[in-house]
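A closer look at the structure
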Amino acid sequence: MGLWRIIAGLLMAVSICALAEKKTLHIYNWSNYIAPNTLANFEQETGIKIIYDLFDSNEVLDGKLMAGSTGFDLVVPSASFFERQLEAKVFQPLDKKALPNYKNLDPELLKLVANYDADNQFAIPYLWNTTGIGYNVEKIKEALGEDAPTNSWDLVLKAENLAKLKNCGVSFLDAPSEIFATVLHYLGKDANSQLASNYTGSASELLLTLRPSIRCFHSSQYINDLANGDICVAVGWNGDIVQAANRAKEANNGVNIAYSIPKEGALVTFDVFAMPADAKHPQEAYQFLNYLMRPDVIANISDHVYYANANQQATQLIKAEVRDHPGIYPPADIRTNMFTLKLHPAKLDRIITRAWTKVKSGK
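First, a word on what this report is: a plain description of the structure on this page.

Calculation criteria
- Residues numbered from 1 in each chain as written.
- Predicted model: local features only at pLDDT ≥ 70, side-chain atom pairs only at ≥ 80, totals over all residues.
- Heavy atoms only, no water.
- Buried < 20%, exposed > 50% of the residue type's maximum accessible area, 1.4 Å probe, protein only.
- Helix = DSSP H or I, 4+ residues; strand = E, 2+ residues; numbered from the N terminus.
- Contact = heavy atoms within 4.5 Å.
- 1 Å grid on protein atoms, 1.4 Å probe; cavity = no way out; pocket = protein on both sides within 12 Å on 5 of 7 lines; lining within 4 Å.
- Points joined across faces, edges and corners; volume = space filled by probe spheres on them.
- Disulfide = S-S within 2.5 Å.
- Core = buried A, V, L, I, M, F, W, Y, C linked by side-chain atoms within 4.5 Å.
- Nonpolar A, V, L, I, M, F, W, Y, C, P; charged D, E, K, R; others polar.
- Axes fitted to C-alpha atoms, helices over the stretch in contact; angles between N-to-C directions.
- Parallel < 35°, antiparallel > 145°, perpendicular 65-115°, else oblique.

**Focus on helix H4 (residues 79-87)**
Along H4, the residues classified as buried are Ala79, Phe81, Phe82, Glu83, Gln85 and Leu86. Packing partners of the buried residues in H4 comprise helix H3 (58-67), strand E4 (123-136) and strand E9 (267-274). Positive phi appears at lysine 89, one or two residues downstream of H4, with a value of about 60 degrees.

Dropping the structure here:
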């Protein structure tokens with residue numbers, strides 16, 4: 001009898017350990033990219049303990065995924081890296097039957113995500129941003145008049161307009177794939193063209209005509225430069241430009257910054273939740289993904305991080321200052337012209353890099 005009690009105790013201990021193991025979820029996400037109470041509320045509702053780690057660049061996440069055996073159950077890559085990772089087969093397809101709240105996602109945004117995740121098999125769109133134009137309202141009017149084309153790429157991609165803005169300061173992102181894609185789209189060409197001549201030819205030619213008017217190429221400096229009034233226009237990311245506008249307001253320095261998604265269309269970038277192929281707790285991961293797709297949950301996240309989400313049922317729940325901001329939630333007519341980046345072959349990437357170096361040097 002004593003032996004059986006020992007065996008029964010060991011079996012119970014193993015069962016308890018197994019249960020504890022199943023009630024753990026390991027998430028790897030960007031810093032400052034979730035509401036303060038999202039994780040705690042999930043833990044309270046489900047009893048699942050979340051181990052939450054942070055990264056600050058796609059390169060860091062990419063390195064861990066490519067090395068294998070990450071220990072993560074859910075990760076949050078950006079679109080262009082996600083497509084490369086899909087080719088390496090680091091993710092597992094998602095069982096939509098385990099995600100009843102999937103129905104809340106916006107079909108139009110899912111179509112955009114499908115450009116790099118065919119049939120939306122592997123990714124759940126989380127938050128998204130656009131590449132557009134940030135500008136100093138008063139300085140643009142002074143330089144180009146009341147009818148300045150602030151709703152068009154003409155503002156920064158027409159040489160005669162940009163030349164008039166040179167003195168008040170122009171900044172472009174130091175992001176060759178995004179700038180070339182934007183220019184190609186503006187020229188009526190495929191933003192994801194595989195033709196090297198489109199990059200070394202027409203796109204580079206246009207950028208070289210603009211180069212004398214561009215003060216700097218940088219992917220973060222423009223935030224402070226806009227907020228301080230040091231530049232009057234920047235091609236940049238919506239979240240950064242909204243941040244610049246808020247900094248200017250907080251400083252009460254009289255600088256009025258606005259953000260425009262040009263009517264011709266703009267690049268949209270998604271960050272997505274995906275499940276590594278070696279995830280140890282898939283059922284708990286499905287619970288979290290389904291929780292994340294609840295309108296009240298994702299609306300609360302957008303309220304705190306000031307980025308748009310892909311849940312069409314959540315929009316009405318988001319606070320007005322976020323929901324009604326056209327730079328965060330663009331109107332339907334603008335959204336129809338948005339486009340995504342696709343993965344380039346390595347050879348084309350090298351050509352784009354060389355072309356970009358030529359543009360920056362102006363030679």
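Back to the write-up after that little detour.
**Observations concerning empty space enclosed by the protein**
One pass over the structure, following the stated rule, counts 1 cavity of 30 Å³ or more. Of the volumes computed, that of the largest cavity is approximately 60 Å³. Surrounding the largest cavity, Leu105, Ile124, Pro125, Tyr126, Leu292, Met293, Ile298, Asn309, Ala310 and Asn311 form its lining. With 3 residues, E4 is the single largest residue contributor to the lining of the largest cavity.

**Topic: the state of the cysteines**
By the definition in use, this model includes 1 disulfide. The disulfide that involves cysteine 168 links it to cysteine 232, with 2.0 Å between the sulfurs. The S-S bond linking cysteine 168 to cysteine 232 shows a torsion near 55 degrees; that makes this disulfide right-handed. Of this pair, cysteine 168 sits in the loop between helix H8 (159-165) and strand E5 (170-172) while cysteine 232 sits in the loop between helix H11 (221-228) and strand E7 (233-237), and the two are 64 residues apart along the sequence.

**Digging into the nonpolar core**
By size, the foremost hydrophobic cluster in this structure holds 121 residues, and its most contacted members are Phe172 and Phe288. Sorting elements by how many residues they give to this core places E4 first, with 7 residues. Residues within four places of phenylalanine 172 in sequence aside, it is in contact with Val156, Leu157, Leu162, Ile179, Leu207, Leu210, Ile214, Cys216, Phe217, His218 and Val235.

**A look at the environment of proline 36**
Looking at the element boundaries, proline 36 is found in the loop between strand E1 (24-30) and helix H2 (38-46). Taking the C-alpha atoms as reference points, proline 36 and isoleucine 301, separated by 265 residues in sequence, lie 8.3 Å from one another.

**Thoughts on the layout of surface pockets**
Estimated volume of the largest pocket: approximately 1,200 Å³. Taken together, 37 residues line the largest pocket, and the ones lying closest to its centre are Trp30, Asn58, Ser78, Glu178 and Trp237. Every element with two or more residues in the lining of the largest pocket is listed here: H3, H4, helix H9 (176-186), E9 and helix H17 (346-361). Residues of the lining of the largest pocket, tallied by class, amount to 15 nonpolar, 13 polar and 9 charged.

**Topic: the packing of H9 against H17**
Where H9 contacts H17, the two axes come as close as 10 Å, and the packing angle between them is 85 degrees. Of the possible angle classes, the one that applies to H9 and H17 is roughly perpendicular. Residue-level inspection shows Pro176, Ile179 and Phe180 of H9 in contact with H17, the latter providing Ile352, Ala355, Trp356 and Val359. Across the contact of H9 with H17, the residue classes tally to 7 nonpolar, no polar and no charged.

So yeah, pure geometry; function would need other evidence.
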